[in-house]
Amino acid sequence: MDLGQILIGRIILEFLGASARFLGYNLWTLSNDNDFRTFSSFWSPGGSIKKRDDNSDRNHMIGVIALGSFVMLLIVFNT
């Protein structure tokens, strides 16, 4: 049960991180002339194993930051 919860939590954090990166990048492109990128390029890009691992780590890190920010906002505005 604990292993399942760890894996599900990691998947949720990576999904949250990929979503935050997707929204941030594509909102930034509205003010620039860059091309839009698809969600799959943030979630699981093609390429080498090292590139996929780096992307997974980046998604996990951004997911932790986004979740922490959300929890802090909940604490601040609900007290």
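Every residue gets a number counted from 1 within its own chain, in the order that chain's sequence is written. Restriction of local features to residues with pLDDT of at least 70 applies here, the model being predicted, together with a cutoff of 80 or more for giving and counting side-chain atom pairs; totals for whole chains, interfaces and linings are based on all residues. Hydrogens and water molecules were not included; the side-chain quantities draw on all heavy atoms of the structure.

Moving on, we get to the overall build of the protein chain. Numbering goes from the N terminus for both helices and strands, where a helix is a DSSP run of H or I of at least four residues and a strand is a run of E of at least two. Across its full length, the protein chain carries 3 helices and 0 strands. Seen in sequence order, the protein chain has helices and strands lined up from the N terminus as α-α-α. For a compact globule the rule gives 2.2 Å times the number of residues to the power 0.38, and the radius of gyration it is set against comes from C-alpha atoms. Relative to the globule expectation of 12 Å for 79 residues, the C-alpha radius of gyration of the protein chain, 15 Å, shows a markedly less compact shape. Taken along the three principal axes of its C-alpha coordinates, the protein chain extends 40 × 35 × 15 Å.

Attention now goes to the pattern of salt bridges. For this document, the term salt bridge refers to a Lys or Arg side-chain nitrogen within 4 Å of an Asp or Glu carboxyl oxygen. For the coordinates displayed, the defined rule picks out 3 salt bridges. Across the salt bridge formed by Arg 10 and Glu 14, the nearest N and O atoms sit 3.2 Å from each other. Residue Arg 10 and its partner Glu 14 are both found in helix α1 (residues 2–31); the two are separated by 4 residues, about one turn of the helix. Asp 57 serves as the salt-bridge partner of Arg 10, at 3.9 Å between the closest nitrogen and oxygen. Of this pair, Arg 10 sits in helix α1 while Asp 57 is found in helix α3 (residues 49–77), placing the two residues 47 residues apart along the sequence.

Note on ring pairs: Phe, Tyr and Trp rings are taken, using the six-membered ring of Trp, and paired if centres are within 6.5 Å. Classes follow the plane angle, with under 30 degrees stacked, over 60 edge-to-face and the rest tilted. If you walk through the whole model with that rule in mind, you get 6 aromatic pairs. With a centroid separation of 5.8 Å and an interplanar angle of 70°, the aromatic rings of Phe 15 and Trp 43 are classed as edge-to-face. With Phe 15 in helix α1 and Trp 43 in helix α2 (residues 39–43), the pair connects residues that are 28 residues apart, well separated along the chain. Buried means the residue's accessible area, taken with a 1.4 Å probe over protein chains only, is under 20% of the maximum for its type, while exposed means over 50%, and partly exposed covers the values in between. With a relative accessible area of 45%, Phe 15 lands in the partly exposed category. Overall, the relative accessible area of 33% leaves Trp 43 in the partly exposed class. Here Phe 22 and Phe 39 contribute two aromatic rings whose centre-to-centre distance is 5.8 Å and whose plane-to-plane angle is 80°, an arrangement assigned as edge-to-face.

So, about the confidence of the model for the protein chain. On a range of 0 to 100, pLDDT expresses the predictor's confidence in each residue. On average, residues of the protein chain score 88 in pLDDT, and 99% of them are at 70 or above. Mean pLDDT values over the elements of the protein chain span from 84, in α2, up to 91, in α3.

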